[in-house]
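Chain by chain, the residues run as shown.
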Amino acid sequence: MNAPLKPVRALKRPLSAIRTVMANEAAGGIVLMVAAAAALVVANSALAESYHHALHIHLGPLSLLHWINDGLMAVFFLLVGLEIKREALDGRLRTWPDRVLPGLAAAAGMIAPALVYLAFNAGSGTARGWAIPAATDIAFALGVLALLGPRVPISLKIFLSAVAIVDDLGAVIIIALFYTGSLDGVMLASAAGVLALLLALNRLGVRALSPYLLAGLALWFFVLRSGVHATVAGVLLALFVPIRPSPGRPEDVESPLHRLEHALSPWVSFLIVPVFGFANAGVTLLGLPAKALLDPVTLGVALGLFLGKQAGIFAAVRLAVATGLAARPAGANWGQVYGVTLLCGIGFTMSLFIGGLAFTDGLHETETKLGVLAGSLLSGIVGAVVLVLARRRSPDA
């Protein structure tokens, strides 16, 4: 008697880059919440002095905080650049119709918060922080959505990711244009030389990742010394990493960009961003003057994130749908769309990062962190409540 045939196992294929990245960012967002909460606890405990002292210990030419903000975050920006390139060439932003809604939403969602901030700070030196509330933290926002589970249509998760990616591109441009110090011509020329090498590697069809990563290390060093913020090197490197477009087959393991994105995503989500959050979210509230909560910087950042983000993005979406430029995300009612626009006010990682570039004095740094924490927390809580309540309404509501 013949033995029963064993079922044939399906060949294992790696998850598509976008599904992997979204899953990692959602789970990483929860880890980031824990890291931020831990930083607040430590900064207001007996360990506060040790916490702040450790961040300013020098390891070679840079302090530990600078290694995190200029070094580790360059890897974060490399992943951001890879996501932007993949989405533009091989994903949800591949065609102009795909780009209209997230593009308009992201633009309005950066302009409106900046205007709210300037309403409190125009005409003073603190106006320099106008870009702080302009960014959305995709990991934190997706982490909140992950906690809500199936209450949120997948179309809105995709919309949120697309808006955040365009938003990240805008933040990179802002950092390069408005938060660059005095420039060193020799180092800029050296960085340009590395970019020429990367272009040559790309044009010659080099698909191995190691030459690009080695050149990327040199690029990071020259950009760091040039006066341009070092994290910009990560985005520049991403532009030259080869990609093999494969619409409908995004799990293509032969594409260097997809391979690098898969490799970096868990490290960024579960190590780099939480470490950044722990190092930058520690606000010592004990002994802080009460007026700091109502100072222009604190109010501008907090209300820019909470009011500016939702107003700008929701108005842009309503206008785009009303004029026929784009369609509302499939299967979502207007209440759910509004709830997601509220979540876009979670600006934790990028807002703290830009805040560190805008202000270097202790008081304004503290006010920035207070504003970011308050605005992000309010946006997350209210957004989650709106999404839970909006689920009961029909998609046409």
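Before reading on, note that the structure itself is shown above.
The structure reproduced in this document is the subject of the present report. Owing to the predicted nature of the structure, the values given are computational and were not obtained by experimental measurement. The numbering scheme is per chain: residues are counted from 1 as the chain's sequence reads. Selection of residues for local features in this predicted model requires a pLDDT of at least 70, selection of side-chain atom pairs for listing and counting requires 80 or more, and totals for whole chains, interfaces and linings are taken over all residues. Based on all heavy atoms of the structure, the side-chain values leave hydrogens and waters out of the count.

**What to know about the packing of aromatic side chains**
Line of reasoning, step 1. Pairing of aromatic rings covers Phe, Tyr and the six-membered ring of Trp, with a centre-to-centre limit of 6.5 Å; geometry is then stacked below 30 degrees between planes, edge-to-face above 60, and tilted otherwise. Counting across every chain of the model gives 9 aromatic pairs.
Line of reasoning, step 2. Pairing Phe276 with Phe353 gives two aromatic rings, centres 6.3 Å apart and planes at 45°, and the pair type is tilted. In this pair, Phe276 sits in helix α10 (residues 256-280) while Phe353 sits in helix α13 (residues 348-358), placing the two residues 77 residues apart along the sequence. Comparing Phe276 with Phe353, the two get one shared label, buried.
Line of reasoning, step 3. Connected via pairs of aromatic rings, a cluster forms that spans Phe76, Phe77, Phe276 and Phe353. The helix and strand labels rest on DSSP assignments: H or I over at least four residues marks a helix, E over at least two residues marks a strand, and numbering proceeds from the N terminus. Each residue's exposure class comes from its accessible area (1.4 Å probe, protein chains only) as a fraction of the maximum for that residue type: buried when under 20%, exposed when over 50%, partly exposed otherwise.

**Some details on the packing of helix α8 (residues 209-226) against helix α9 (residues 232-240)**
Line of reasoning, step 1. Axis definition: a line fitted to C-alpha atoms, limited for helices to the stretch in contact. Angles are taken between N-to-C directions and run from 0 to 180 degrees. Relative orientation of the contacting elements α8 and α9 amounts to 150°, with a least axis distance of 9 Å. The angle between α8 and α9 places the two elements in the roughly antiparallel class. The crossing of α8 and α9 is right-handed. Between α8 and α9, the contacting residues are Tyr212, Gly216, Leu219, Trp220 and Val223 on the first element and Ala233, Leu236, Leu237 and Phe240 on the second.
Line of reasoning, step 2. Under this grouping Gly is polar, as are all residues other than the nonpolar Ala, Val, Leu, Ile, Met, Phe, Trp, Tyr, Cys and Pro and the charged Asp, Glu, Lys and Arg. The residue inventory of the contact of α8 with α9, partitioned by class, reads 8 nonpolar, 1 polar and no charged. In what follows, roughly perpendicular refers to angles from 65 to 115 degrees, roughly parallel to angles under 35, roughly antiparallel to angles over 145, and oblique to any angle outside these ranges. The handedness criterion is simple: a crossing whose near helix is rotated anticlockwise from the far helix by less than a right angle is left-handed, and one whose near helix is rotated clockwise is right-handed. Contact between two residues is taken to exist if any of their heavy atoms lie within 4.5 Å; hydrogens are not considered.

**Observations concerning the packing of helix α11 (residues 296-322) against helix α14 (residues 362-390)**
The angle between the axes and the distance between the axes are what describe a pair of packed helices.
Line of reasoning, step 1. Close contact between α11 and α14 brings their axes to 7 Å; oriented N to C, the two are set at 25°. Put simply, α11 runs roughly parallel to α14. Considering how the two elements wind past one another, α11 and α14 form a crossing that is right-handed. The residues of α14 that touch α11, namely those facing Val297, Thr298, Val301, Ala302, Leu305 and Phe306, are His364, Glu367, Thr368, Leu370, Gly371, Val372, Ala374, Gly375, Ser376, Leu378, Ser379 and Val382.
Line of reasoning, step 2. Class assignment of the residues belonging to the contact of α11 with α14 gives a composition of 10 nonpolar, 7 polar and 1 charged.

**Let's talk about the side chain of Asp167**
Line of reasoning, step 1. Mapped onto the elements, Asp167 comes out in helix α6 (residues 154-178).
Line of reasoning, step 2. A residue is classified by how much of its surface remains accessible, and Asp167, at 1% relative accessible area, is buried.
Line of reasoning, step 3. Under this definition, polar contacts are N or O atom pairs within 3.5 Å; protein pairs additionally need one hydrogen-donor-capable and one acceptor-capable atom, and for neighbouring residues in sequence, both atoms have to be side-chain atoms. A polar side-chain atom of Asp167 sits 3.3 Å from the main-chain amide nitrogen of Thr136.
Line of reasoning, step 4. Aside from chain neighbours lying at most four places away, what touches Asp167 is Ala106, Met110, Ala134, Ala135, Thr136 and Lys309.

**Quick notes on the pattern of salt bridges**
As a working rule, side chains carrying opposite charge can pair if their charged atoms are close by.
Line of reasoning, step 1. We define a salt bridge as a side-chain nitrogen of Lys or Arg found within 4 Å of a carboxyl oxygen belonging to Asp or Glu. Per the counting criterion, the structure on display carries 2 salt bridges.
Line of reasoning, step 2. Among the ionic pairs, Glu261 bridges to Arg86, the shortest N-O distance being 2.6 Å. Linking Glu261 in helix α10 with Arg86 in helix α3 (residues 64-90), this pair joins segments that are 175 residues apart in sequence. Here the two residues Glu261 and Arg86 agree in accessibility, since each one is buried.
Line of reasoning, step 3. In this structure, Lys309 engages Asp167 in a salt bridge whose closest nitrogen and oxygen atoms are separated by 2.7 Å.

**Some remarks on a nonpolar patch on the surface**
Line of reasoning, step 1. Residues form patches when they are more than 30% accessible in relative terms and have no salt bridge. Like charges link within 9 Å. Nonpolar side chains (Val, Leu, Ile, Met, Phe, Trp, Tyr) link within 5 Å. Note that accessible areas follow from Shrake-Rupley with a 1.4 Å probe, and for residues the cover is restricted to the protein chains shown. On the surface, Leu169, Ile173, Leu177 and Phe178 cluster together into a nonpolar patch covering about 380 Å² of accessible area.
Line of reasoning, step 2. Following the sequence through the fold, Leu177 ends up in helix α6.
Line of reasoning, step 3. A relative accessible area of 60% means that Leu177 is categorised as exposed.

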